[in-house]
Amino acid sequence: MKWFNKTFHELIQWFEPKYKIKYVTDVPGSFRKKTIYIIGAPNQPWQIAFECPCGCKSIIQLNLLQEAKPNWKFEVLNNNKIDLFPSVWRTVGCKSHFIIRKNKIIWC
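Residues numbered from 1 in each chain as written. Predicted model: local features only at pLDDT ≥ 70, side-chain atom pairs only at ≥ 80, totals over all residues. Heavy atoms only, no water.

K.L.:
What exactly am I supposed to notice about the sheet that holds strand β6 (residues 81-89) here?
P.N.:
Strand-to-strand pairing in sheets goes through backbone hydrogen bonds, with the strands running parallel or antiparallel. In spatial order, the strands read β5-β6-β7-β8; together these 4 strands make up an open sheet with antiparallel pairing. In this open sheet, the two strands that pair with only one neighbour each are β5 (73-77) and β8 (104-107). Mean inter-strand twist for the sheet, computed between neighbouring axes without regard to direction, equals 25°. As judged from the 4 bridges shared by strand β7 (residues 97-101) and β8, these two strands associate in the antiparallel manner. Its bridge partner lying in β8, isoleucine 100 is registered against isoleucine 105. (Pairing = 2+ DSSP bridges. Helix = DSSP H or I, 4+ residues; strand = E, 2+ residues; numbered from the N terminus. Axes fitted to C-alpha atoms, helices over the stretch in contact; angles between N-to-C directions.)

Spelled out as structure tokens, the structure:
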């Protein structure tokens, strides 16, 4: 039964729409669902922004500048997949807490 549950969960995740990465030079005027925007020059991004994955439609903007606190880091993997760390934990609004690994939201 444990094997079945794990396989079923993995199958659902495989069909779930994944996030896309889009490189932009400035914060977009409108945001597309399931899109993570990497903002700044290609070799010096300064922010990541996207709609909250809970569906509340709030825009999450994360600082990438190491000299400012708090800040996040990201890595773009093969096949244009992104890992973002540390986790995102909203302290206002929906209070969502999640991480992004290989373009997927993992709820904490």
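K.L.:
Is there a simple way to explain the environment of lysine 81 in this structure?
P.N.:
Tracing the sequence through the fold places lysine 81 in strand β6. Considered as a pair, lysine 81 and arginine 101 are 20 residues apart in the sequence and their alpha carbons are 8.0 Å apart. Ignoring sequence-local partners within four residues, the contact set of lysine 81 consists of Ile21, Glu75, Val76, Lys102 and Asn103. (Contact = heavy atoms within 4.5 Å.)

K.L.:
So what exactly am I meant to see when it comes to the sheet that holds strand β3 (residues 44-51) here?
P.N.:
Pairing is mixed across the open sheet formed by 4 strands, whose spatial order is β1-β2-β3-β4. What marks the edges here is a single partner per strand, and that holds for β1 (20-24) and β4 (59-63). Averaged over all pairs of adjacent strands, the angle between strand axes in this sheet comes to 25°, irrespective of strand direction. Across 5 bridges, the pairing between strand β2 (residues 35-41) and β3 is antiparallel. Within β3, the residue paired with isoleucine 38 across the bridge is isoleucine 48.

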